[in-house]
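# Geometric and topological summary
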Amino acid sequence: MNELLQIDKEPKVNNRKAVLYKNKISYIRNHYIIYLLLMPAVILTFIFKYIPMYGIALAFKDYNYSKGILGSAWVGFKYFEQFLNSPNFGTIFMNTFLLSAYGLILGFPVPIILAIMLNQVQRAKIKKTIQLILYAPNFISVVVVVGMLYLLLSSEGPINRVVMLITGHPILFMSDPQYFRSIYILSGIWQGAGWSSIIYAAALAGVDTQLYDAARIDGATLLQRIWYIEIPTIKPVIVITLILAIGGIMGIGFEKAYLMQTGMNTSVSEIIATYTYKVGLQGGDYSFGTAVGLFNSLINLVLLISANSIAKLLNEGYGLY
């Protein structure tokens, strides 16, 4: 009897799979133009993102120029152990983590606050003008921003002129290690907060105006409308952006840290990205540099998965995936 039931079930399962397969084929045929438009992006992603991944093998090999990547001797986790046991590991790791963590803690809420504030502006012209002012710094290159910092914070710059009037001596902002993180983080917030607020502003634009009208009739204050209407609306977006931000907490940018780095502030400005550049490209130790970069990427992956799991527990199962 059981054998007969199993025989009856198998054709049904096979038929269901066949129907699903035919539906997928027919869907692709009916929407083939969409897939054709998608193909260039897929091809470019494959060429520039996936094919170069074979270079990760450098981290596990003693690279020899004449033999190439495949012909070089396999050394396993030698360079990972070398980095973990190096005297600079603790300093470089903590510099990277603290610089990114402080930036996340101080900078993450700013775009949300800006989006909520902009949402309260009723006049379209004033709102557009404010948005233009907030978005403009994002289009300034990192090199120009660092150049502006050097001009403003130099010993003879406008800020130090005010400091000299008060204290009688200038402050070496760009050389003193105690100011590096503050300058890096605050300038980063100034440059990117306005642009980052776009995604939250777009989410707030979809709020039903009837909710605001009902809240006003019930006597809700401005803060109550923000807390009970606007915050819940953008909560899914906040969760996703926070997970991605935590996942990239060790992936702090190389350019700005390298440009702001001087011989006097290296103790706090030397991060994994700048260290990889110096030992890998400038020093010519490609295998060691690749191992350091891969180590950094693995930490980001672990943080991303952990942040997503925690977000699911605290947010009713809603996360990045």
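I will try to describe carefully the structure that is included in this document. (Residues numbered from 1 in each chain as written. Predicted model: local features only at pLDDT ≥ 70, side-chain atom pairs only at ≥ 80, totals over all residues. Heavy atoms only, no water.)

## Topic: the packing of helix α6 (residues 109–119) against helix α12 (residues 222–247)
Note the following rule: Between N-to-C directions, angles span 0 to 180 degrees; the directions come from axes that are lines fitted to C-alpha atoms, helices contributing only their stretch in contact. We count a stretch as a helix when DSSP gives it H or I for four or more residues in a row; a strand needs E for two or more, and each element gets its number in order from the N terminus. For classification, angles of less than 35 degrees are called roughly parallel, those exceeding 145 degrees roughly antiparallel, those between 65 and 115 degrees roughly perpendicular, and all remaining angles oblique. Handedness of a crossing follows from how the near helix is turned relative to the far one, being left-handed for an anticlockwise turn of less than a right angle and right-handed for a clockwise one. Working rule for contacts: check all heavy atoms of both residues, and any pair within 4.5 Å makes them a contact. As a working rule, the residues Ala, Val, Leu, Ile, Met, Phe, Trp, Tyr, Cys and Pro are called nonpolar, Asp, Glu, Lys and Arg charged, and the rest polar, with Gly in that last group.
In contact at an axis separation of 12 Å, α6 and α12 are set at 135 degrees when each is read in the N-to-C sense. When the axis of α6 is compared with that of α12, the two are oblique. Judged by the twist between their axes, the crossing of α6 over α12 is right-handed. Mapping the contact onto sequence places I112, I116 and N119 in α6 and I226, E230, I231, I234 and I238 in α12. A per-class count over the contact of α6 with α12 returns 6 nonpolar, 1 polar and 1 charged.

## Quick word on the packing of aromatic side chains
Put simply, the rule reads: In summary, the pairing rule links any two rings of Phe, Tyr or Trp, Trp by its six-membered ring, whose centres are within 6.5 Å, and it sorts them by plane angle into stacked for under 30 degrees, edge-to-face for over 60 and tilted for everything else. For the exposure calls, accessible area comes from a 1.4 Å probe over protein chains only, and a residue counts as buried if that area is under 20% of its type's maximum, exposed if over 50%, partly exposed in between. In this scheme, the term charge over a ring applies when either NZ of a lysine or CZ of an arginine sits within 6 Å of the ring centre and within 35 degrees of the ring normal.
A complete count under the given rule lists 22 aromatic pairs for this structure. An angle of 85 degrees between the planes, with centres 5.7 Å apart, marks the rings of F60 and F77 as edge-to-face. Of the two residues, F60 is situated in the loop between α2 (32–50) and β1 (61–64) and F77 in the loop between β2 (72–74) and α4 (78–85); the sequence distance between them amounts to 17 residues. By relative accessible area, F77 is classed as exposed at 55%. A centroid spacing of 5.2 Å and a plane angle of 80 degrees characterise the contact between F139 and W195, whose relative ring orientation is edge-to-face. Taken as a pair, F139 in the loop between α7 (124–135) and α8 (142–153) and W195 in helix α10 (residues 177–205) lie far apart in primary sequence, 56 residues in all. Exposure remark for W195: the relative accessible area of 39% places this residue in the partly exposed category. Among the aromatic side chains, those forming a connected cluster through ring pairs are Y79, F83, F89, F93, Y275, F288 and F295. The side chain of K256 reaches across the aromatic face of Y184, ending 4.8 Å from its centre.

## Quick word on the nonpolar core
Selection rule: Take the buried residues of types Ala, Val, Leu, Ile, Met, Phe, Trp, Tyr and Cys, join any two whose side-chain atoms come within 4.5 Å, and each joined set is a nonpolar core.
Formed by 35 residues in total, the largest nonpolar core has its most connected members in F80, F83, I112, Y200, Y275 and F288. Per-element tally for this core: the top contributor is helix α16 (residues 286–314), with 6 residues. Setting aside its immediate chain neighbours within four residues, F83 contacts F89, Y275, F288, V292 and F295.

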